[in-house]
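Coordinate inspection notes
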Amino acid sequence: MEHGWNYGRVQNGLVTAGAGLLLSRAAHLAFEASLEGLEFAAGIPGTVGGALVMNAGAYGSEIKAVLVSAKVMTPQGETLDLKAEELKLGYRSSIIPEAGYVVLEAVFGLKPGEKDGIEARMKDLAARRKEKQPLEYPSAGSTFKRRRGILQENS
Ligand SMILES: Cc1cc2nc3c(=O)[nH]c(=O)nc-3n(C[C@H](O)[C@H](O)[C@H](O)COP(=O)(O)OP(=O)(O)OC[C@H]3O[C@@H](n4cnc5c(N)ncnc54)[C@H](O)[C@@H]3O)c2cc1C
């Protein structure tokens, strides 16, 4: 594994990111490599590790849709390579806190796309976010979750 926590690399349609890499940076790495699927993540503040913990999502997509696997450390200090399904990602939830895992690395599987289209979607989502959220002010983050059954595409 690479040193530090904020590395990111792209190979064969996979974006591999250290847990400390900003999620927005991971989304931009994908864009630069003409890979689609992480556009939704470009405007979500925080790190890749934090995004896995809560299965971050927005505008109809979420980490669960693109995560292939993750490297975690157990409370006993063992390093495990887990498939995405093993993290039981749900609406803004995962088993990571309950299991006491520390996320070390994530691998996202993305589809080849058109750079212009990816950029257009990122710009569109950024504009929609800007329209609804006063991004010029400090924020303490989200407090509420949507209720079960309520459309979650704008969360
Ligand atoms: C303006 C604004 C807009 C937002 N919009 C969205 C949105 O559209 N969609 C969305 O889903 N969220 C959104 N959020 C919420 C926020 O972006 C997420 O909570 C974020 O994914 C958390 O990541 P973080 O790195 O900041 O984690 P932190 O806040 O630092 O930590 C969150 C939790 O994860 C744990 N954690 C962090 N890193 C690791 C790790 N490597 N291993 C194990 N546990 C870890 C921490 O211990 C803590 O319990 C928004 C927040 C703000 C302020």
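Anything mentioned here points back to the structure above.
A brief report on the enclosed structure follows.

Thresholds, definitions, all that
- Residues numbered from 1 in each chain as written.
- Predicted model: local features only at pLDDT ≥ 70, side-chain atom pairs only at ≥ 80, totals over all residues.
- Heavy atoms only, no water.
- Pairing = 2+ DSSP bridges.
- Helix = DSSP H or I, 4+ residues; strand = E, 2+ residues; numbered from the N terminus.
- Axes fitted to C-alpha atoms, helices over the stretch in contact; angles between N-to-C directions.
- Near = heavy atom within 4 Å.
- Polar contact = N/O pair within 3.5 Å; in protein donor to acceptor, adjacent residues only side chain to side chain.
- Areas by Shrake-Rupley, 256 points an atom, 1.4 Å probe, with all protein chains shown as cover.

With six bridges connecting them, strand β6 (residues 67-73) and strand β8 (residues 102-109) associate as antiparallel partners. Opposite L67, over in β8, you have F108 as the bridge partner. Bridge count between β6 and strand β7 (residues 79-83): five bridges; the pairing is antiparallel. Following the sheet pairing, M73 is matched in β7 by T79. Hairpin connection from β6 to β7: five residues lie between these consecutive antiparallel strands, with G77 at a positive phi of about 90 degrees.

The five strands are arranged β1-β2-β8-β6-β7 in an open sheet whose pairing can be described as antiparallel. Two strands close off the open sheet at either side, each with one partner strand: β1 (8-11) and β7. For this sheet the average axis-to-axis angle between neighbouring strands, irrespective of direction, equals 15 degrees.

Moving on: the site of the ligand. Among the 23 residues in the neighbourhood of the ligand, the closest are listed as P45, T47, M54, G57 and V103. Residue G57 places a main-chain N or O atom 2.7 Å away from a nitrogen atom belonging to the ligand. Contact with the protein chains hides 63% of the accessible area of the ligand, taken as 980 Å² for the molecule alone. With four residues, the single largest contributor to the shell around the ligand is helix α2 (residues 48-53).

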